[in-house]
Amino acid sequence: MTLTFDIRPSTNPTSDQERAAKLANPGFGRVFTDHMAVVQYSQDKGWHSARVESRANFPLDPAAAVLHYAQEIFEGLKAYKRDDGGVNLFRPDANAKRFWNSSERMAMAQLPPEVFIEAVEQLVRIDRAWIPGGEGSLYLRPFMIASEVFLGVKPSAEYIFAVIASPVGSYFKGGPAPVSIWVSENYTRAAIGGTGGVKCGGNYAASLKAQAEAIANGCDQVVFLDAVERRYVEELGGMNVFFVFADGSLSTPPLGTILPGITRDSIIALARDAGREVREEAYSIDQWRADAASGKLKEAFACGTAAVISPIGKVRSTSGDLLINGGEAGPVAMGLRKQLVDIQYGRAADPHNWIRDVK
């Protein structure tokens, strides 16, 4: 399916001077570009009214379904400025596929992947001046909400799909610093048959209490255990997790109740390219403690679109603390991070054809 996007440039765009000031220190998710891409859906028309227009508020009825029944999904990906001035997208097809799968699980209209990618590219084209140089990037947030006006528990018959963009600086100032994580014993993230593998807002809302508990205990992030036995490591509040062992192998929790991270999948591919064994298997918190104490476990790291890879330096819980690699970033995590980032920015070969050049 193809849709022709009506391009409506802003009549009051941000000036070059004001944009430069904002790009000097954009932070993360606080500064936004001039435009947004929008596509609408209704049962009688299907997907229609594709357009790129000035970023603005949505007119939403107080009875819009998203406000009451949380039919909502989103994605996150980035556009990167190459040294030659070109622009790369990293694996937008994978984001489009995951968006399709999320919408199926949430009983929402499914957006054709080619429309998803076209919407992203059109927004990047019109707002490419907002892409920071250096280690910055343009964070893209495609999302979809249920917009039908009704009160009743059923799938909505109307949806709004949109893409907004936010320039972001390097996630880590001065290089990736090891993070500390808190083991949540009071809260779980997802159960089998639930929405753990779906990128919907409700999953993140449910993690906020546990994240606040982590911060109260002096940690940067929370890690969740499985909902059945409360033993097996699943993922952080918003990132997947990997373990690196003395024999050079890696392991990561299996899919099912966790988000199928695109960075996670990319790391598995790159590690296997290098001849490393990568296991997708259950790993208990008790085994984590034992392997860290014995020296069998050499590194642990979290991964996701925003930070790419974050080394884990310390794990805290009510049962005591443990250090990973002396609390320092490890060579495997940092090597994989550099390899992946170099592909994203076009500084290294792309053996898996992950890069999409935005013309």
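Use the structure listed above.
Criteria and thresholds
- Residues numbered from 1 in each chain as written.
- Predicted model: local features only at pLDDT ≥ 70, side-chain atom pairs only at ≥ 80, totals over all residues.
- Heavy atoms only, no water.
- Buried < 20%, exposed > 50% of the residue type's maximum accessible area, 1.4 Å probe, protein only.
- Helix = DSSP H or I, 4+ residues; strand = E, 2+ residues; numbered from the N terminus.
- Arc of directions from axis to C-beta.
- Phe/Tyr/Trp six-rings, centres within 6.5 Å; stacked < 30°, edge-to-face > 60°.
- Lys NZ or Arg CZ within 6 Å of the ring centre and 35° of its normal.

Undergrad: Tell me about helix 7 (residues 285-294), and name the residues and values.
TA: All of the buried residues along helix 7 are Ile285, Trp288 and Asp291. Here the buried residues of helix 7 occupy an arc of 125° about the axis, which is enough to place them on one side. Within helix 7, the exposed residues directed more than 90 degrees away from the buried face are Asp286, Ala293 and Ser294. Backbone geometry just downstream of helix 7 places Gly295 in the positive-phi region, at approximately 90°.

Undergrad: Just give me the short version of the packing of aromatic side chains, but keep the residues and values in it.
TA: Evaluation of the coordinates by the stated rule reveals 15 aromatic pairs. Both rings, one in Tyr80 and one in Tyr345, keep their centres 4.9 Å apart while their planes meet at 70°; by these two values the pair is edge-to-face. With Tyr80 in strand 5 (residues 77-81) and Tyr345 in the loop between helix 8 (331-344) and strand 18 (355-358), the pair connects residues that are 265 residues apart, well separated along the chain. On the basis of relative accessibility, which here comes to 5%, the residue Tyr345 falls in the buried class. Through a chain of ring-to-ring contacts, the aromatic side chains of Phe243, Phe245, Tyr283 and Trp288 assemble into a single cluster. Sitting over the ring of Phe32, Arg55 keeps its end group 4.3 Å from the ring centre. Positioned over the ring face of Phe150 is Lys154, at 4.3 Å from the centre of the ring.

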